[in-house]
Amino acid sequence: MLLQLHVWSLYLLQDNSGVGWDPVHLWAQMGTLARAVVILLFIMSAYSIGVMIDRIMAYNAARKQSRQFAPAVAGALREGKLDEAVKIADRYKKSHLAKVVVAGLQEFQAHQISSEIPGEEIEASKRALERADAIVHAELKRGVSGLATIGSTAPFVGLFGTVAGIINAFKGISTEKSTGFKGISTEKSTGLGAVAGGISEALVTTAIGLFVAIPAVWMYNYFTNKIEAFDVEMGNSSSELIDYFLKRSQRGAGARK
């Protein structure tokens with residue numbers, strides 16, 4: 001049925017009835033419902049483009065700063081300078097690794113310095129790292145779920161516009177039949193001219209819906225893979241930091257003996 005509809009519409013658009021792909025002409029002949037669908041699709045497209053630009057910039061900045069942060073903080077930790085490591089992490093505000101590492105470092109320092117806080121600094125640091133990991137994961141994922149929603153709903157919104165266009169087409173046929181000439185050939189010509197606008201309207205809303213949905217789905221999958229890679233990096237950094245804390249605690253306990 002849909003294939004027949006497309007073939008019929010292409011035949012009508014090639015006819016000399018004046019129907020074409022002129023956006024102004026198509027917008028003028030659209031009904032109110034179809035126009036509302038197109039506006040909604042453009043709003044969804046603008047939102048998805050904004051999310052794409054924002055996430056690409058955020059992920060690139062996180063990747064770049066993390067590459068600079070990792071060797072710098074590793075050098076400070078090798079020398080046992082926790083205060084310096086915290087200061088280094090504070091300089092890389094956009095790094096996902098820095099946000100996680102600084103939480104663990106601050107918690108470990110707090111348990112070592114303060115006499116009011118009991119022991120178990122390793123477990124406390126591990127919980128701090130887990131909390132920071134969850135917070136950073138939520139920050140990295142901000143807006144990405146909206147792309148999934150747009151990718152899954154935009155085709156249906158376009159299909160709704162298609163239904164509105166078909167209804168508009170049949171309303172045009174009904175109007176022409178009630179007011180046109182009685183001749184068979186004339187009635188057929190006016191019927192085709194009346195339905196062409198509605199079919200074009202239906203195809204436009206369908207095409208816009210797909211145009212909005214396909215990039216949103218692509219970028220959602222791309223961003224999901226990026227977030228998974230960031231999660232792995234944060235998990236590895238947390239594990240390495242816990243190992244560092246264990247070794248430092250063991251050395252401290254050995255020195256006290």
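Refer to the structure presented above.
Please read all numbers here as calculations on a predicted model, not as lab measurements.

About the cut-offs
Residues numbered from 1 in each chain as written. Predicted model: local features only at pLDDT ≥ 70, side-chain atom pairs only at ≥ 80, totals over all residues. Heavy atoms only, no water. Helix = DSSP H or I, 4+ residues; strand = E, 2+ residues; numbered from the N terminus. Buried < 20%, exposed > 50% of the residue type's maximum accessible area, 1.4 Å probe, protein only. Contact = heavy atoms within 4.5 Å. Areas by Shrake-Rupley, 256 points an atom, 1.4 Å probe, with all protein chains shown as cover. Expected span 1.5 Å × (residues − 1). Phe/Tyr/Trp six-rings, centres within 6.5 Å; stacked < 30°, edge-to-face > 60°. Salt bridge = Lys/Arg side-chain N within 4 Å of Asp/Glu carboxyl O. Polar contact = N/O pair within 3.5 Å; in protein donor to acceptor, adjacent residues only side chain to side chain. Core = buried A, V, L, I, M, F, W, Y, C linked by side-chain atoms within 4.5 Å. Axes fitted to C-alpha atoms, helices over the stretch in contact; angles between N-to-C directions. Parallel < 35°, antiparallel > 145°, perpendicular 65-115°, else oblique. Left-handed = near helix turned anticlockwise from the far one by under 90°. Arc of directions from axis to C-beta.

Student: Help me out: how do you make sense of the overall build of the chain in this one?
Tutor: Within the chain, the secondary structure is distributed over eight helices and zero strands. The N-to-C order of helical and strand elements in the chain reads α-α-α-α-α-α-α-α. Counting over 257 residues, the chain shows a buried share of 40%. A fraction of 79% describes how many contacts in the chain between residues 6 or more apart in sequence connect residues 24 or more apart. Per element, the accessible surface of the chain, about 15,000 Å² overall, is 62% carbon and sulfur.

Student: I would appreciate a short explanation of helix 3 (residues 32–78) in the present structure.
Tutor: Along an α-helix, residues three or four apart share an orientation, since each turn contains 3.6 residues. Helix length check: helix 3, at 47 residues, gives a terminal C-alpha distance of 68 Å against a target of 69 Å (1.5 Å per residue), a fit within 8%. Positive backbone phi, at 75°, marks Gly-80, one or two positions downstream of helix 3.

Student: What am I meant to see in the packing of aromatic side chains here?
Tutor: Working definition: an aromatic ring pair is given by the centre-to-centre distance plus the angle between the planes. Applying the stated criterion to the full structure yields six aromatic pairs. Each residue in the set Tyr-59, Tyr-222, Phe-223 and Phe-230 is aromatic and connected to the rest through ring pairs, giving one cluster.

Student: Just checking my understanding: could you explain the pattern of salt bridges for this structure?
Tutor: Close approach of charged atoms allows side chains with opposite charge to pair. Counted under the stated rule, the structure contains five salt bridges. With a shortest N-O distance of 2.4 Å, Arg-63 and Glu-233 are connected by a salt bridge. With Arg-63 in helix 3 and Glu-233 in helix 8 (residues 184–256), the pair connects residues that are 170 residues apart, well separated along the chain. Note on Glu-233: relative accessible area 23%, which makes it partly exposed.

Student: What is the right way to read the side chain of Arg-55 from this model?
Tutor: In this structure, Arg-55 sits in helix 3. At 3.2 Å, the side chain of Arg-55 and the backbone oxygen of Leu-140 are in polar contact. Excluding its chain neighbours within four sequence positions, the residues that come into contact with Arg-55 are Glu-139, Leu-140, Arg-142, Val-144 and Phe-223.

Student: Just to check I follow, could you spell out the nonpolar core for this structure?
Tutor: Generally speaking, a soluble globular protein has its nonpolar side chains buried in company with each other. Core analysis: the largest hydrophobic core is formed by 37 residues, its most contacted members being Phe-69, Leu-77, Leu-105, Leu-241 and Phe-245. Where this core is concerned, the elements lending two or more residues are helix 3, helix 4 (82–91), helix 5 (96–113), helix 6 (121–140), helix 7 (144–179) and helix 8. No other element matches the nine residues that helix 8 contributes to this core. Not counting residues within four places of it along the chain, the set of residues in contact with Leu-77 comprises Leu-82, Ala-85, Leu-105, Leu-241 and Tyr-244. One finds Val-37, Val-38, Ile-150 and Ala-216 within the second-largest nonpolar core, a separate group that totals 14 residues.

Student: Whenever I open this one, the side chain of Gln-109 confuses me. Can you help?
Tutor: Structurally, Gln-109 can be placed in helix 5. Accessibility expressed as a relative area gives 13% for Gln-109, which makes it buried. Dropping the residues within four chain positions of it, Gln-109 is found in contact with Leu-82, Asp-83 and Val-86.

Student: Teacher, can you tell me more about the environment of Trp-218 here?
Tutor: On the secondary structure map, Trp-218 appears in helix 8. Taking the C-alpha atoms as reference points, Trp-218 and Leu-147, 71 residues apart in sequence, are found 9.2 Å from one another.

Student: So what exactly am I meant to see when it comes to the packing of helix 3 against helix 4 here?
Tutor: Angle between the axes and distance between the axes: these two values describe a pair of packed helices. Where helix 3 meets helix 4, the closest approach of the two axes is 8 Å, and the angle between their N-to-C directions is 165°. The orientation of helix 3 with respect to helix 4, classified from their angle, is roughly antiparallel. For the crossing formed where helix 3 meets helix 4, the hand is right-handed. Contacts between helix 3 and helix 4 involve Phe-69, Ala-72, Val-73, Ala-76 and Leu-77 on the former and, on the latter, Leu-82, Glu-84, Ala-85, Ile-88 and Ala-89.

Student: What should I look at first to understand the environment of Leu-210 in this one?
Tutor: Position of Leu-210 among the secondary structure elements: in helix 8. Separated by 57 residues in the primary sequence, Leu-210 and Thr-153 place their C-alpha atoms 10.0 Å from one another. Among residues more than four places away in sequence, those in contact with Leu-210 are Pro-155 and Pro-215.

Student: Sorry if this is basic, but what is going on with helix 4 here?
Tutor: Among the residues of helix 4, Leu-82, Ala-85, Val-86, Ile-88 and Ala-89 are the ones counted as buried. All buried residues of helix 4 fall inside an arc of 160° around its axis, so they share one side. For helix 4, the exposed residues set more than 90 degrees away from the buried face come down to Lys-87 and Arg-91.

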